[in-house]
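# Per-entry structural report
Now for the letters of each chain:
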Amino acid sequence: MTTELPGFGLAAGLAGAPDTASEEWVARLRCLGAERDPAVAELHVLLLRAARFEIRRRRAAFPHLAGADLDDLAWQSADDALMSILRRLGDFRGDSRFTTWACKFAILEAGTKVRRHAWRDREIPVTPSFWPVAPDRAPSPHQHAEARELLAALHEEVERLTDRQREVFVAVAFNEVPIDVLAERLNTTRGAVYKSLHDARRKLRAALTTRGLASADEGR
Amino acid sequence: MADDRERLIEALVGPTDPELSCDECFDVLDIYVELELADRAADAELPLMRAHLLGCPACCADYDSLRALLLAGPGEVA
C-alpha cells in the first residue's frame, strides 16, 4: 500500500468518504501476529513525525528544553499514541482519513508532554499572580468606574466558588497554567479540570447577571 | 458601552456557551479539521465544537496543530 503521510499537502477524500488507504491501514493493523508488525512500524514512523512536528511548534515557548529531551519526548509521545490507537482501533469509523485520526493522538500526547515537562519543576500558584485592574485610560470616568465595579464584583464572586472551581479558575485564568498540567497535579483528567473551569465561568457569569453587571440574555 | 462591558466580562470570565466536553472534542477533532480544510460547513455539521475550542486552550492547541500538520509542506514534517 502507499503510505499517506501528512505534510505532503491535502490528499483527496477529506471528511466523509471512506477511502481505500484508510481501510487498508485498519485491515493491516487488525492482522494477527507477524503480519501486523510492518503496519505497526509504519504507523510509528507516522506518529513520530507528527509528534516531532508538534514539539517543534511548541519549542519556542519552552526554550530551556534541550534538543535531546525534546526528541525523547517525541519518541515517548509516538509510543503512547501507538498504544492508544491500537487499543481504540475499533473507534475509527472512517469519517476522516485514518492518518488524520491517528495523528491527533500523537499531537495530544506530544503537546501534553511538552507542557508537563516545561512545568515539572514549577509550583502551581494557588492565588492569583495578579488581579486585573481597571485601565487608567478608560474612555470616560464612567467606564472606568464601571470596570472597577465589575472587577471588584468578580473578585468577590471568585471567593464564592467551590474550592476546586476557584483553584482551577485562578490557575487557568490568572496564572496561565495549562489545563493538562493542572490535571496531572490534581490527579485527574483534562476533561474533569475543564468541566470545573466551565462550571466556574457559568457560575461567575450568573452571579454578575444577578448583580446587574451582565445582561440576562447573555448569561447563557 | 454595554458591549464594552460584555467584552470585558468575556475576557475575564471566559465563554459560557453550551459546548462539547474535552473527550467529545477529541473524538471529532480529525473530522472537524478535515471538514474545514475541505471548505465544508464544519460548524454546522459539528455544532458546539467551536464553542469548546474558544473556551479550552489545550484542545484549541491540539486543533491548531492538527490543522497545521495537514497543511504543512514536506520540509516542515521530518
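Residues numbered from 1 in each chain as written. Chains lettered and ligands numbered in written order. Predicted model: local features only at pLDDT ≥ 70, side-chain atom pairs only at ≥ 80, totals over all residues.

### Brief notes about the overall build of chain A
Helix and strand counts for chain A stand at eight helices and zero strands. Mapped from its N terminus to its C terminus, chain A presents α and β elements in the order α-α-α-α-α-α-α-α. A separation threshold of at least 6 residues defines the contact pool for chain A, and within that pool the share at least 24 residues apart is 69%. (Helix = DSSP H or I, 4+ residues; strand = E, 2+ residues; numbered from the N terminus. Contact = placed C-beta atoms within 7 Å.)

### Notes on the overall build of chain B
Looking only at helices and strands, one finds five helices and zero strands in chain B. Across chain B, helices and strands are ordered from the amino to the carboxyl terminus as α-α-α-α-α. Taking 78 residues into account, the globule formula puts the C-alpha radius of gyration at 12 Å, and chain B, at 15 Å, lies well above it. Overall, chain B is about 50 × 25 × 25 Å in size when its C-alpha atoms are taken along their principal axes. By the burial criterion, 40% of the 78 residues in chain B qualify as buried. In chain B, once contacts between residues fewer than 6 apart in sequence are set aside, the share between residues at least 24 apart is 64%. (Rg over C-alpha atoms; globule rule 2.2 N^0.38 Å. Buried ≥ 20, exposed ≤ 12 C-beta atoms within 10 Å, placed from the backbone.)

### A closer look at the interface of chain A and chain B
In this assembly, 46 residues from chain A lie in contact with 42 residues from chain B. Top element by residues in the side of chain A that touches chain B is helix H8 (residues 190-210) of chain A. It accounts for 10 residues. Among the residues forming the side of chain A that touches chain B, the class breakdown is 22 nonpolar, eight polar and 16 charged. (Nonpolar A, V, L, I, M, F, W, Y, C, P; charged D, E, K, R; others polar.)

### With respect to helix H5 (residues 141-159) of chain A
Residue and element names in this part refer to chain A. In this model H5 runs 28 Å from its N-terminal to its C-terminal C-alpha over 19 residues, within 8% of the 27 Å that 1.5 Å per residue would give. Along H5, the residues that are buried comprise Leu150, Leu154, Glu157 and Val158. Buried residues in H5, looked at end-on, bunch into an arc of 100°, giving them a common side. Seen from the buried face of H5, the exposed residues on the opposite side, beyond 90 degrees, are Pro141, Ala145, Ala152, His155, Glu156 and Glu159. (Expected span 1.5 Å × (residues − 1). Arc of directions from axis to C-beta.)

### Considering the domain arrangement of chain A
Here chain A is partitioned into domain 1 (20-118) and domain 2 (141-218). A C-alpha centroid distance of 34 Å is found between domain 1 of chain A and domain 2 of chain A. (Domains from an automatic or database assignment.)

### Here's the deal with the packing of helix H2 (residues 37-59) of chain A against helix H5 (residues 57-71) of chain B
A pair of packed helices is captured by two measures, namely the crossing angle of their axes and the spacing between those axes. Where H2 of chain A meets H5 of chain B, the closest approach of the two axes is 10 Å, and the angle between their N-to-C directions is 115°. Two packed elements cross with a definite hand, and for H2 of chain A against H5 of chain B that hand is right-handed. Residues Ala50, Phe53, Glu54 and Arg57 of chain A of H2 of chain A form the contact with H5 of chain B, whose own contacting residues are Ser65, Ala68 and Leu69 of chain B. In terms of residue class, the contact of H2 of chain A with H5 of chain B is made up of four nonpolar, one polar and two charged. (Axes fitted to C-alpha atoms, helices over the stretch in contact; angles between N-to-C directions. Left-handed = near helix turned anticlockwise from the far one by under 90°.)

### A closer look at the nonpolar core
Residue and element names in this part refer to chain A. Within the largest apolar cluster, 71 residues are counted, with the highest numbers of intra-cluster contacts made by Leu47, Ala50, Ala51, Ala102, Ala106, Val172 and Leu182. Top contributing element to this core by residue count: helix H4 (residues 98-118), with 10 residues. Lining this core are residues from two domains, each supplying at least three of them: domain 1 (20-118) and domain 2 (141-218). (Core = buried A, V, L, I, M, F, W, Y, C linked by C-beta atoms within 7 Å.)

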